[in-house]
Amino acid sequence: MNENIHIAMLIGDLQKGGAERVMANLAGYFAERGWRVTLVTQYRKENEYSLNKKVKRVISDITPEETSGSRLVNFKRRFMKLRGIWKAERPDVILSFIGKNNIMAILTSRLLHIPVAVSVRGDPPEEYYNAWMRFMARHLFARAAGVILQTRKSFAFFPPRVQARAVLLKNPASGAFFRERYEGKREKTIVAVGRVDENKNHEMLLRAFAGIACRFPGYKLVIYGEGECRQPLIRLAQELGLEGRVLLPGTIDNVADAIYKAGIFVLSSNTEGVPNTLIEAMLMGLTVVSTDCPCGGPAELIKDRGNGMLVPVGDEEAMKKALGLLLGDLALAEELGRNAAKTAESYLPEKVYGDWEKFLLSLVGTQEEEEKCVV
């Protein structure tokens with residue numbers, strides 16, 4: 001146990017999504033391990049993941065009273081407020097997730113002698129999407145105590161001095177997905193789980209399903225999640241004559257139970273890191289089809305036609321063919337699902353959480369010497 005360790009964790013909010021779920025899970029794990037955990041978010045939003053009661057929540061955004069008409073003044077106030085949180089909390093280590101949060105974590109903690117670990121959760125060129133952010137990530141991350149990446153391909157985005165600080169750590173999966181594979185007759189459903197936004201490209205999945213729906217009349221497509229594309233997708237399903245066969249029930253709490261007996265799980269994203277939903281579907285032994293996203297996350301999980309199927313990003317025809325092949329050959333689908341279940345061995349919670357814990361503990365007490373050396 002490490003009762004004397006204090007970790008501060010930084011993310012934009014806890015609204016339901018893959019990175020947010022990983023952070024909430026990690027916060028709960030460290031709290032139960034006896035760590036003091038302070039989770040800092042810029043915002044508090046609706047539809048958030050719940051936190052372990054032992055975790056302290058701090059909001060870093062400026063209040064309406066503190067907000068001025070100047071973007072520069074507002075940025076400075078946000079910067080100083082976050083720096084003030086680090087000064088007040090005095091954590092032993094800071095763990096930050098995603099984009100600008102990572103940049104802010106390093107900048108606001110400078111000369112406070114607090115080691116910072118930044119975690120890139122998606123495809124680096126997408127997460128650091130403009131010239132300024134790419135410059136900061138490639139150079140400022142050399143000042144971080146540690147850099148956590150999702151895939152081997154991600155290393156190529158960074159210069160050698162950042163690569164030297166980088167490690168690969170697996171995403172901790174929810175315990176609800178660690179269960180015996182269902183071996184009975186599967187439901188006639190194709191399921192997807194995640195934010196319903198443009199990046200997830202559920203429209204491509206819906207159109208691919210429309211292309212095979214007449215061949216497999218008993219099957220439904222169910223997309224779980226909320227987002228700006230949900231209503232447009234409902235309208236598209238109606239236009240394609242699939243009302244009643246394409247369901248978008250929104251976000252649900254018992255997603256593991258909902259998809260446990262599904263026929264096929266699909267991830268149709270344009271970009272991803274290592275998708276939690278794909279990992280968890282494979283843990284339960286679902287037959288999975290995924291786009292081969294940049295950054296290589298799905299390709300690190302799936303051996304095509306070995307434990308799932310990979311299709312090119314945005315390729316509606318390839319998705320249609322993959323779905324048609326699996327629905328037409330249930331023996332093949334079952335074989336791929338059983339092979340997918342073997343993924344569970346490398347995602348056992350005690351191993352994955354243990355790796356995160358060992359890495360973060362290795363950083364404690366390192367930053368003072370780093371700040372003397374890095375100029």
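Chemist: Explain the overall build of the protein chain to me, please; I cannot follow it from the model alone.
Modeler: For the protein chain, the count of helices and strands is 15 helices and 13 strands. For the protein chain, the C-alpha radius of gyration of 22 Å lies close to 21 Å, the compact-globule estimate for 375 residues. If one aligns the C-alpha atoms of the protein chain with their principal axes, the spans along those axes are about 65 × 45 × 40 Å. Buried positions account for 56% of the 375 residues belonging to the protein chain. Total accessible area on the protein chain is roughly 16600 Å²; 51% of this is exposed by carbon and sulfur atoms.

Chemist: In this structure, what is going on with the packing of aromatic side chains? I would like to understand it.
Modeler: To describe a pair of aromatic rings, you give the distance between the ring centres and the angle between the ring planes. Evaluation of the coordinates by the stated rule reveals ten aromatic pairs. Here the aromatic rings of Phe157 and Phe158 are separated by 4.9 Å at their centres, their planes lie at 80°, and the arrangement is edge-to-face. Residue classification places Phe157 among the buried residues on the basis of a relative accessible area of 9%. Taken together, the aromatic side chains of Tyr29, Phe30, Trp35 and Tyr353 make up a single cluster linked through ring pairs. Over the face of the ring belonging to Phe97 we find Arg121, whose NZ or CZ atom lies 4.5 Å from the ring centre. In this arrangement the basic side chain of Lys170 is found over the ring face of Tyr347, its NZ or CZ atom lying 5.6 Å from the centre.

Chemist: Would you take a moment to explain the layout of surface pockets for this structure?
Modeler: The gaps left among the atoms become clear once a water-sized probe is rolled over them. The calculated volume of the second largest pocket comes to roughly 280 Å³. Contributing to the lining of the second largest pocket are 15 residues, with Leu168, Leu169, Lys170, Glu300 and Tyr347 lying nearest its centre. Among the elements that make up the lining of the second largest pocket, the one with the highest residue count is helix α14 (residues 349-363) (four residues). The residue inventory of the lining of the second largest pocket, partitioned by class, reads seven nonpolar, three polar and five charged.

Chemist: Would you mind showing me how to read the environment of Val58 here?
Modeler: Summarising the element assignment, Val58 is placed in strand β3 (residues 56-59). A residue is classified by how much of its surface remains accessible, and Val58, at 15% relative accessible area, is buried. As a C-alpha pair, Val58 and Pro91 span 33 residues in sequence and 13 Å in three-dimensional space. With sequence-adjacent residues up to four places away left out, Val58 is seen in contact with Thr38, Leu39, Val40, Thr41, Ile85 and Glu89.

Chemist: Is there a simple way to think about the packing of helix α2 (residues 71-89) against helix α3 (residues 99-108) in this case?
Modeler: Any two packed helices are characterised by how steeply their axes cross, that is the angle between the axes, and by the distance between the axes. Orientation of α2 relative to α3, taken along the N-to-C sense of each, is 65°, at an axis distance of 9 Å. For the element pair α2 / α3, the angle class is roughly perpendicular. Considering only the axes of α2 and α3, their crossing is right-handed. Along its contact with α2, which presents Phe75, Phe79, Leu82, Arg83 and Trp86, the element α3 presents Met104, Ala105, Leu107 and Thr108. A per-class count over the contact of α2 with α3 returns seven nonpolar, one polar and one charged.

Chemist: Looking at this model, I keep getting lost on the sheet that holds β3. Mind explaining?
Modeler: Pairing between the strands of a sheet comes from backbone hydrogen bonds, and it takes one of two forms, parallel or antiparallel. If you trace the seven strands from one edge of the open sheet to the other, you get β3-β2-β1-β4-β5-β6-β7, paired in parallel fashion. With partners counted over all chains shown, the strands left at the sheet margins are β3 and β7 (166-168), one partner each. The mean inter-strand angle of the sheet, taken between neighbouring strand axes irrespective of direction, is 20°. Pairing of strand β5 (residues 116-119) with strand β6 (residues 146-149), which is carried by three bridges, proceeds in the parallel orientation. Within the sheet, the bridge partner assigned to Ser119 lies in β6 and is Ile148. Seen against the sheet, helix α1 (residues 18-32) touches β1 (6-11), β2 (36-41) and β4 (93-97) and runs at an angle of roughly 170° to β1.

Chemist: Even after reading the chapter, I still don't get the nonpolar core, so can you show me in this structure?
Modeler: A general feature of soluble globular proteins is that nonpolar side chains tend to end up buried together. Grouped together as the largest cluster of nonpolar side chains are 59 residues, with contacts concentrated most on Leu95 and Leu360. Tallying contributions element by element places α1 first for this core, with eight residues. By size, the runner-up hydrophobic cluster in this structure holds 34 residues, among which are Ile212, Leu221, Ile223 and Ala322.

Chemist: Would you mind going over the pairing of strand β12 (residues 288-291) with me for this structure?
Modeler: Along any regular strand, the residues point their side chains to alternate faces of the sheet. Of the two faces of β12, the one holding Val288 and Ser290 and the one holding Val289 and Thr291 are both buried throughout. In terms of strand pairing, strand β11 (residues 264-267) meets β12 through three bridges, oriented parallel. Residue pairing across strands places Leu267 opposite Ser290, the latter belonging to β12. Crossover β11 to β12 through helix α10 (residues 276-283) is right-handed. In this sheet, strand β13 (residues 309-311) lies alongside β12 in parallel orientation, the contact comprising three bridges. Counterpart to Ser290 in the pairing with β13 is Leu310.

Rules used in this analysis
Residue positions are given per chain, counted from 1 along the sequence in the order it is written. With pLDDT at 70 or above as the cut-off, local features in this predicted model cover only qualifying residues; side-chain atom pairs require 80 or more to be listed or tallied, and sums for whole chains, interfaces and linings still use all residues. Excluded from the side-chain calculation are hydrogens and water; included are all heavy atoms of the structure. Starting at the N terminus, helices and strands are each numbered in turn, a helix being any DSSP run of H or I of at least four residues and a strand any DSSP run of E of at least two. We compute the radius of gyration from the C-alpha atoms alone; for a globule the expected value is 2.2 Å times N to the 0.38, where N is the number of residues. With a 1.4 Å probe rolled over the protein chains alone, any residue whose accessible area is under 20% of its type maximum counts as buried; one over 50% counts as exposed, and the rest are partly exposed. The Shrake-Rupley method, run with a 1.4 Å probe sphere, supplies the accessible areas, and residue values consider only the shown protein chains as cover. Each pair of aromatic rings taken from Phe, Tyr and Trp, with Trp reduced to its six-membered ring, is defined by centres within 6.5 Å and is described as stacked if the planes are under 30 degrees apart, edge-to-face if over 60, and tilted in the remaining cases. Comment: the charge-over-ring label is applied if NZ (Lys) or CZ (Arg) is within 6 Å of the ring centre and within 35 degrees of the ring normal. Put plainly, a pocket is an open set of points on a 1 Å grid over the protein atoms alone with protein on both sides within 12 Å along at least five of seven lines, a cavity is a set where a 1.4 Å probe fits but cannot get out, and a lining residue has an atom within 4 Å of a point. Grid points are joined across faces, edges and corners, and a volume is the space filled by probe spheres set on the points. Polar here means any residue other than Ala, Val, Leu, Ile, Met, Phe, Trp, Tyr, Cys and Pro, which are nonpolar, and Asp, Glu, Lys and Arg, which are charged; Gly is therefore polar. For this analysis, residues touch if any pair of their heavy atoms sits within 4.5 Å. Structural elements are reduced to axes, namely lines fitted to C-alpha atoms, with helices fitted over the stretch in contact, and the angle between N-to-C directions of any two is expressed from 0 to 180 degrees. Angles below 35 degrees are treated as roughly parallel, those above 145 as roughly antiparallel, those between 65 and 115 as roughly perpendicular, and all remaining angles as oblique. Left-handed describes a crossing whose near helix is turned anticlockwise from the far helix by less than a right angle; the clockwise case is right-handed. Whether two strands pair comes down to DSSP finding at least two bridges between them. Think of a nonpolar core as a cluster: buried Ala, Val, Leu, Ile, Met, Phe, Trp, Tyr and Cys residues, connected wherever their side-chain atoms sit within 4.5 Å. Assignment of crossover handedness uses the view with strands pointing away from the viewer, where a clockwise path from the first strand over the helix to the second indicates a right-handed crossover.

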